[in-house]
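# Examination of the molecular architecture
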Amino acid sequence: MVPVSRNLVTFVDPWLLVTTIALVMFGLVMVYSASAALAHETYRTQFHFVLRQALAALLGAGLLLGSLWLGYARLERPWVVYGLLGVTVALLVLVLLLPPVRGTHRFIRLPGLMFQPSELAKLSMVIFLAYFLSRKDASARRDPHQVLLPVGLVVGLLMGLVFLGRDLGTILMMGGTATAILVVAGVPLRYPALAGLFCSPLLLYALLKEPYRRARLLAFLDPWKAPREEGFQIVQSLMAVGSGGVSGVGFAQSRQKLFYLPEAHTDFIFSVIAEEVGLIGSLMVVGLFGTLAFRGLRAAFLAPDDFGKLLATGITVLLVGQALFNLSVVLSLVPAKGIPLPFISYGGSSMMMSLLAVGWLLSVSRRT
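Residues numbered from 1 in each chain as written. Predicted model: local features only at pLDDT ≥ 70, side-chain atom pairs only at ≥ 80, totals over all residues. Heavy atoms only, no water.

Here we take up the overall build of the chain. Across its full length, the chain holds 13 helices and two strands. Radius of gyration (C-alpha) of the chain: 21 Å, near the 21 Å computed for a compact globule of 368 residues. Dimensions of the chain along its principal axes, counting C-alpha atoms only, are 60 × 60 × 40 Å. By the burial criterion, 48% of the 368 residues in the chain qualify as buried. Sequence separation of 24 or more characterises 73% of the internal contacts of the chain that already satisfy a separation of 6 or more. Surface accessibility of the chain: about 17,700 Å² in total, with carbon and sulfur atoms responsible for 69%. (Helix = DSSP H or I, 4+ residues; strand = E, 2+ residues; numbered from the N terminus. Rg over C-alpha atoms; globule rule 2.2 N^0.38 Å. Buried < 20%, exposed > 50% of the residue type's maximum accessible area, 1.4 Å probe, protein only. Contact = heavy atoms within 4.5 Å. Areas by Shrake-Rupley, 256 points an atom, 1.4 Å probe, with all protein chains shown as cover.)

Set out below in C-alpha cells:
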C-alpha cells in the first residue's frame, strides 16, 4: 500500500465547520423568535426578518464554499490585497455621500438588503495586515519606520472613514484586532500601545461630542437612575437576562422582546436568548464561541506559513472579540455600542462577511 502524505489530506476542520453551522442555525431560530411580533406589527408577516436573514445565510454559505475552494493562498497576491483595499475605501466614501439611514452613514441600500461597508473594512484590514507583515522579516517587524508607518496609514485611513460614518463600535473592534495581529507578528507591544494612547483623546472626544453617546455612557454608569430614559435599553436587557433563570421561560415565550427591549433581534438578541433558554442555553452559546476560538487559534498555530498564521489569528480575534463585546454590552459590563453577535444577530452584512471569513479560516485549517 502506498503511504498517504499528510499534505494530501484535504478535509476541513470538522469542529470548526459544525460549530459555525450550529451558530448560524441557532441564530435563524432566535431571529425568528425575537422578531416575529415586530415583523407582524410592521410588515404584516412574522417571517419578514427571518427570511431575509436566511437569504443572507445562503449567500454567506456560497461565499464560505467559494473561499474554501479557492484557498487562502489566493489572497496572498498584491493585486488582490490592494484591489480589495481600493474597493473597500471606495465603498466607505460612497456611503458617506449617500443619504443617512437611521441617522448614520453606514448602509448602502441594495435590492432586498442593506450592505454595511464597515463589515468589509474589517476583513480588508485583516488581509492587508497578514499580507504586509508576512513579507517582513523579524528585524523589519521591530522597526517602526518599516512597519508602523505604512500600517498606520492604511489602518488609519480605514478607521477614519468608518469613524466619519459614526460607527465607533467597529473602530474599537478594528483597533483590537490590528493590535492582536501586530503582537502575534512580533511587533513590540509598546508600538500599538503608543498608537492607542495617541488616539485616546480622539476616542474621548467622539464619546463626549455626540449627545446619544454621552447618554449611553451615563446610562452604563447608573442605568437605574433613568430606567425609562437613557437607561431603558440596559435595564430591559438585564431584566430579560434575569428573567430567564437557569432553564429559561421557553422558546418564543420572552416578554421583554414584545416592544420592551429595543433592538431585540439585532444587537440585544442575546438578552432574548438568555430569557428563553436560560443560563444553560446561554452557556451553550458561549461554549460554541469558545470552540470557535480554540479551533481558530489552533489553525493559526499550526499554519504552514506566516500569512496563514496571521490571517487565521485576525479572523479568530475579530469574530470571537465581537461576540465577547456583544455579550459584555448585553450584561452591562461595557457601555452600549452597536456590535452584532456574529452568526446570530439579524444583519445580512455581518452574516455574509462572517461566513466568508470562516471560509478562509477553514482553508488555513485544511493546510495544517
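Let's shift gears to the pattern of salt bridges. Across all of its chains, the model carries four salt bridges by this definition. Note that Arg 135 is salt-bridged to Glu 76, the shortest N-O span being 2.8 Å. Placement of Arg 135 in the loop between α4 (117-134) and α5 (138-141) and of Glu 76 in the loop between α2 (48-70) and α3 (78-97) is noted, with a sequence separation of 59 residues between them. The class for Arg 135 is partly exposed, based on a relative accessible area of 44%. Its salt-bridge partner being Glu 119, residue Lys 122 comes within 3.1 Å of it at the nearest N-O pair. Linking Lys 122 with Glu 119, this pair stays in helix α4, spanning three residues, or about one helical turn. No difference in accessibility class separates Lys 122 from Glu 119, as the two residues are buried. (Salt bridge = Lys/Arg side-chain N within 4 Å of Asp/Glu carboxyl O.)

With that settled, consider the packing of aromatic side chains. Considering all chains together, one arrives at seven aromatic pairs under this definition. Ring centres of Phe 49 and Tyr 346 lie 5.2 Å apart, and the angle between their planes is 85°; this geometry places the pair in the edge-to-face category. One end of the pair, Phe 49, is in helix α2; the other, Tyr 346, is in the loop between α12 (306-330) and α13 (348-367), and 297 residues separate them in sequence. Given a relative accessible area of 8%, Phe 49 falls into the buried group. Classification of Tyr 346 by relative accessible area gives partly exposed; the value is 22%. (Phe/Tyr/Trp six-rings, centres within 6.5 Å; stacked < 30°, edge-to-face > 60°.)

Our focus in this paragraph is the confidence of the model for the chain. Averaged over all residues, the pLDDT of the chain equals 88, while 96% of them reach at least 70. Note that pLDDT drops below 50 for residues 1-9; the model gives that stretch one contact with residues more than four away or on any other chain. (pLDDT = per-residue confidence, 0-100.)

With that settled, consider the nonpolar core. Generally speaking, soluble globular proteins have nonpolar side chains that are buried together. Core analysis: the largest hydrophobic core is formed by 93 residues, its most contacted members being Leu 133, Phe 289, Leu 311 and Phe 343. Among the elements that make up this core, the one with the highest residue count is α12 (13 residues). With residues near it in sequence (within four places) discarded, Phe 343 still touches Thr 20, Leu 23, Val 24, Gly 27, Phe 289, Leu 292, Leu 319, Met 351, Ser 354, Leu 355 and Val 358. (Core = buried A, V, L, I, M, F, W, Y, C linked by side-chain atoms within 4.5 Å.)

Further remarks concern helix α6 (residues 148-164). Between its terminal C-alpha atoms α6 stretches 23 Å, which fits the 24 Å expected from 17 residues at 1.5 Å a residue. On its buried face, α6 sits against α3, α4 and α7 (168-185). (Expected span 1.5 Å × (residues − 1).)

With that settled, consider the packing of helix α8 (residues 190-209) against helix α9 (residues 211-221). It is at 5 Å that the axes of α8 and α9 come closest, and there the two elements cross at 95°. The orientation of α8 with respect to α9, classified from their angle, is roughly perpendicular. Contact with α8, carried on its side by Ala 206, Leu 207, Leu 208 and Lys 209, involves Pro 211, Arg 213 and Arg 214 of α9 and no other residues of that element. Partitioning the contact of α8 with α9 into residue classes produces four nonpolar, no polar and three charged. (Axes fitted to C-alpha atoms, helices over the stretch in contact; angles between N-to-C directions. Parallel < 35°, antiparallel > 145°, perpendicular 65-115°, else oblique. Nonpolar A, V, L, I, M, F, W, Y, C, P; charged D, E, K, R; others polar.)

So, on to α12. Within an α-helix, residues lying three or four positions from one another point in the same direction, as the helix has 3.6 residues per turn. Given a rise of 1.5 Å per residue, 25 residues ought to cover 36 Å, and the 36 Å separating the end C-alpha atoms of α12 matches this to within 8%. Of all 25 residues in α12, 20 are buried, a share of seventy percent or more. The opening residue of α12 is Asp 305, an N-cap whose side-chain oxygen sits 3.4 Å from the backbone nitrogen of Phe 307. Two residues or fewer past α12, Ser 332 is found with a positive phi of approximately 60°. (Polar contact = N/O pair within 3.5 Å; in protein donor to acceptor, adjacent residues only side chain to side chain.)

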